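Coordinate inspection notes
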Amino acid sequence: MVPTETLRLAGQTAEIRRLALAVEAFAARHGVQGNAAHHLTLAADELITNAIEHNPPPPDLQITVSLRLETQQMIMEISYPGTPFDPTAEAKAPELDAPLEDRPIGGLGVHFAKTLLDGLSYVRRQGGNHLTLTKNV
């Protein structure tokens with residue numbers, strides 16, 4: 001049987017702390033070593049924050065997060081209703097070599113998430129956004 005867990009978060013960035021604790025506890029219960037849980041949490045933080053800040057949710061928005069552990073992979077699925085937002089779409093790469101004062105504000109969150117993860121996919125289904133984050137363990 002594949003270990004799984006589902007959380008329902010309010011559409012508020014304050015909920016990310018609760019998510020982080022749940023991910024770390026899930027990883028510990030199932031013997032996941034190393035930084036996999038931490039990397040998943042950091043990437044989810046960026047992606048959920050973007051979803052909330054760039055797509056103001058209704059006050060009763062719920063974000064559903066499912067965790068599962070498969071052979072050699074920890075997988076997180078994030079689902080929420082709202083305006084389509086595909087973080088996997090090719091966007092202009094951040095200018096990491098440009099002087100700090102010449103860089104635009106923002107634009108690093110998705111790049112950061114993609115760097116930490118081994119897989120990131122998006123699908124629009126039934127009026128909602130569905131992200132799948134994969135980290136090898």
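Keep in mind that what you see is a predicted model, and the values were worked out from it rather than measured. (Residues numbered from 1 in each chain as written. Predicted model: local features only at pLDDT ≥ 70, side-chain atom pairs only at ≥ 80, totals over all residues. Heavy atoms only, no water.)

1. Comments concerning the overall build of the protein
Put simply, the test is: In DSSP terms, a helix is any run of H or I states spanning at least four residues, a strand is any run of E spanning at least two, and both are numbered starting from the N terminus. Relative accessible area decides the class of each residue, using a 1.4 Å probe on protein chains only: under 20% of the type maximum gives buried, over 50% gives exposed, and in between gives partly exposed. Contacts between residues were defined by any pair of non-hydrogen atoms, one from each residue, lying within 4.5 Å. Areas reported here follow the Shrake-Rupley algorithm with a probe of radius 1.4 Å; residue values treat only the protein chains shown as occluding.
Broken down by element type, the protein carries 3 helices and 5 strands. Walking the protein from its N terminus toward its C terminus, one meets helices and strands in the order β-α-α-β-β-α-β-β. The 137 residues of the protein split such that 38% are buried. Contacts spanning at least 24 positions in sequence make up 67% of the contacts within the protein whose residues lie at least 6 apart. Entry remark: accessible area of the protein is about 8,000 Å², with carbon and sulfur atoms responsible for 53%.

2. With respect to the environment of Ile52
Assignment of secondary structure puts Ile52 in helix H2 (residues 36-54). Between the alpha carbons of Ile52 and Gly82 there is a distance of 9.8 Å; along the sequence they are 30 residues apart.

3. Digging into unusual backbone geometry
Only a minority of non-glycine residues have a phi that is not negative, and only a minority of peptide bonds are not trans. If you check the backbone angles, Gln72 has positive phi at about 65° while not being a glycine. Here Gln72 lies in the loop between strand S2 (62-70) and strand S3 (73-81). Relative accessible area serves as the criterion here: at 53%, Gln72 is assigned to the exposed category. Of note in the backbone geometry, Gln126 takes a positive phi value of approximately 50° without being a glycine. On the secondary structure map, Gln126 appears in the loop between strand S4 (119-125) and strand S5 (128-136).

4. With respect to the environment of Leu131
Here Leu131 shows up in strand S5. A residue is classified by how much of its surface remains accessible, and Leu131, at 3% relative accessible area, is buried. Leave out the neighbours within four places in its chain, and Leu131 touches Leu47, Met76, Glu77, Ile78, Pro87, Leu120, Ser121 and Tyr122.

5. Points about the environment of Thr88
The cut-off we apply is this: Whenever two N or O atoms come within 3.5 Å, that pair is a polar contact, provided that in protein one can donate a hydrogen and the other can accept it, and provided that, for residues adjacent in sequence, both atoms are side-chain atoms.
Within the secondary structure, Thr88 is located in the loop between S3 and helix H3 (109-116). Distance in space between the C-alpha atoms of Thr88 and Leu120 is 6.9 Å, their sequence separation being 32 residues. Residue contacts for Thr88: discarding those within four places in its chain leaves Lys114, Leu120, Ser121 and Tyr122. At 2.4 Å, the side chain of Thr88 forms a polar contact with the side chain of Asp86.

On their own, these measurements won't tell you what the molecule is for.
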